[in-house]
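Chain residues, written in single-letter form:
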Amino acid sequence: MDDQDSDTEMFAPNLFTRQIECVSLDGASGSFPELLKERNTPLLISGLAADWPALHSWNAGSLSARFGSKPVRVYNALFGEPGKNYMDSIGVMPFSEFLSETLGKGRDLRMFLYNIGRQIPELLEDVEFPDVGLNFAQSFVYSFFGCRGSITPLHYDIDMSHVLYTSILGRRRIRLFAPDQSTALHKHPFTVRSYVNLDDPNDVNYPALKAARGYEVVVEAGQSLFIPSAFWHEVKYLDAGIGISLRAANQTLNGRLMGLMNILALSPVDRISNKLAAEHWFGWKQGKADARGRAFMNNRRVI
Ligand SMILES: O=C(O)CCC(=O)C(=O)O
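Residues numbered from 1 in each chain as written. Predicted model: local features only at pLDDT ≥ 70, side-chain atom pairs only at ≥ 80, totals over all residues.

A look at helix α3 (residues 95–104)
So the rule is basically this: Put simply, a residue is buried when 20 or more other C-beta atoms lie within 10 Å of its own C-beta and exposed when 12 or fewer do; between those, it is partly exposed, and each C-beta is set from the backbone. Secondary structure is summarised from DSSP: a helix means a run of H or I of at least four residues, a strand means a run of E of at least two, and numbering begins at the N terminus for each. When we speak of the arc, we mean the arc of directions from the helix axis to the C-beta atoms. We call two residues in contact if the C-beta atoms placed from their backbones are at most 7 Å apart.
Phe-95, Phe-98, Leu-99, Thr-102 and Leu-103 are the residues of α3 that are buried. Mapping the buried residues of α3 onto a view down its axis gives an arc of 95 degrees, with all of them on the same face. Of the surrounding elements, those touching the buried residues of α3 are α2 (60–67), β3 (71–76), β4 (91–94), β5 (109–115) and β6 (142–146). Looking one or two places after α3, you find Gly-106, whose phi comes out positive at around 80 degrees.

Topic: the environment of Ala-230
With respect to the helices and strands, the residue Ala-230 is situated in the loop between β11 (223–227) and β12 (232–237). Taking the C-beta count within 10 Å as the criterion, Ala-230 has 20 such neighbours and is therefore assigned buried. Remark: the alpha-carbon pair of Ala-230 and Asn-250, spanning 20 residues in sequence, is separated by 9.5 Å. Excluding anything up to four places from it in sequence, Ala-230 contacts Tyr-156, Met-160 and Pro-179.

What about the confidence of the model for the chain?
Close reading of the predicted structure is inappropriate where its pLDDT is low. Condition: For every residue, the pLDDT score states the predictor's confidence, bounded by 0 at the bottom and 100 at the top.
Considering every residue of the chain, the mean pLDDT works out to 94; 95% of them sit at 70 or more. Segment residues 1–9: pLDDT under 50, and eleven contacts once partners within four positions in sequence are set aside and those in other chains are kept.

Things to note about the sheet that holds β12
Within a beta sheet, neighbouring strands are joined by backbone hydrogen bonds and run either parallel or antiparallel to one another. To keep it simple, the criterion reads: Pairing between strands is defined by DSSP: at least two bridges between the two strands are required. Inter-axis angles, ranging from 0 to 180 degrees, are taken between N-to-C directions of lines fitted to C-alpha atoms, where helices are fitted over the stretch in contact.
The strand order across the open sheet formed by four strands is β7-β12-β9-β10, and the pairing between neighbours is antiparallel. A single partner strand is all that each edge strand has here, and the edge strands are β7 (151–155) and β10 (215–219). Taking each pair of neighbouring strands and ignoring which way they run, the sheet shows an average axis angle of 15 degrees. In this structure, strand β9 (residues 172–177) lies alongside β10, joined through five bridges in antiparallel fashion. When the sheet's bridge partners are listed, Arg-173 is paired in β10 with Val-218.

Observations regarding α2
Among the residues of α2, Ala-60, Leu-63 and Ser-64 are the ones counted as buried. The buried residues of α2 occupy an angular sector of 100 degrees when the element is viewed end-on, so they sit on one face. In this structure, α2 carries Ser-62 and Ala-65 as exposed residues pointing more than 90 degrees from its buried face.

Section: the packing of α2 against α3
Just so we agree on the cut-off: Each angle receives one of four descriptions, namely roughly parallel if under 35 degrees, roughly antiparallel if over 145, roughly perpendicular if within 65 to 115, and oblique otherwise. Classification convention: Asp, Glu, Lys, Arg as charged; Ala, Val, Leu, Ile, Met, Phe, Trp, Tyr, Cys, Pro as nonpolar; all other residues, Gly among them, as polar.
Between α2 and α3, the least distance of the axes is 9 Å, while the angle of their chain directions is 170 degrees. By the angle class used here, α2 and α3 are roughly antiparallel. Residue-level inspection shows Ala-60, Leu-63, Ser-64 and Phe-67 of α2 in contact with α3, the latter providing Phe-95, Ser-96, Leu-99, Ser-100, Leu-103 and Gly-104. Classifying every residue of the contact of α2 with α3 gives six nonpolar, four polar and no charged.

Some words on the pairing of strand β13 (residues 241–248)
Taken across its eight residues, β13 has eight buried, putting it largely inside the fold. Here β13 shows a buried face lined by Gly-241, Gly-243, Ser-245 and Arg-247 and a second buried face lined by Ile-242, Ile-244, Leu-246 and Ala-248. Sheet topology note: the strand β8 (residues 162–169)/β13 ladder contains seven bridges and is antiparallel. Paired with Thr-166 across the two strands is Ile-244, which belongs to β13.

Considerations on the site of the ligand
For clarity, the threshold we go by: To decide nearness, the C-beta atom of each residue is placed from the backbone, and the residue is near a molecule or strand if that atom lies within 6 Å of it.
The environment of the ligand is made up of Phe-112, Phe-144, Gly-146, Thr-152, Asp-157, Val-163, Tyr-165, His-233, Val-235, Gly-243 and Ser-245. Of all elements in the fold, only β6, β8, β12 and β13 reach the threshold of two or more residues within the shell around the ligand.

Considerations on the sheet that holds β8
With respect to topology, nine strands assemble into an open sheet ordered β1-β2-β11-β8-β13-β6-β5-β3-β4, the strand pairing being mixed. Here the strands that pair on one side only, and so sit at the sheet edges, are β1 (21–24) and β4. Direction aside, neighbouring strands of the sheet carry axes that sit 30 degrees apart on average. Examined bridge by bridge, β6 and β13 share five bridges and lie antiparallel to one another. Each residue of the ladder has a partner; that of Phe-145, found in β13, is Ile-242. Sitting on the sheet, α3 touches β3, β4, β5 and β6, and the angle it makes with β4 is about 95 degrees.

Have a look at this one:
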């Protein structure tokens, strides 16, 4: 947190003052083992995916023609809202229908964390695993699909992996915050979610938000963004789009244990509590997040 950032600013503070580093590998060939090794800040990379067949051949038409009859699980924008569909899909439809509705007609349905190796193994041949100093899991290559304007809300990845996110189609605006910004982002306990509105830093309901400092970047088709473990990210689809994430397990024992604890303990408690008393549980988490945010701001004033 920058000390010079006043928490009593009258005007909306700029939350996105951190500069993202960029590197271009266009035209370069070979391996880059030092690029992401032990890196703990985001990096925007051009050219890394230049030779991926996915970049040149994936679009709504071609995917429909090849795999249109495949049933796929779809989500909507209410994914994180308390209640019946909390953290759950809204149903299944043929892939071709999803692609036409979402990428074609702009309906706000989503597919995310769609494991292409498990679901459509042929698609894995269209992706390459770059030598950038991380050991990417070949069995956890996820794809993401969204219409123009859709938003993947602010969260960090539950398994605490490092993520290399490549836009295959369309531009994405991605906002990122380091893990030490969690209190300012009013993180909900038992989750990896924040419900702040990053476009309204002066929202009285989230008083600590104005003290958060993060990064904002536009990722063009063909570019890749390195998202280090536990970094918060919010993704807005500036165009109808497709993305792919490669994941590398956290190198530290602590990081791995936290990932396991998130998956095996925190998330089940959260889901069961939602089932038992959705609104009440959500309100409790919100109350805790707010109390921590307010205490954080009070302590800052004293210092
Ligand atoms: O593209 C998206 O919808 C979200 C990507 C994301 O959150 C991730 O890769 O962790």
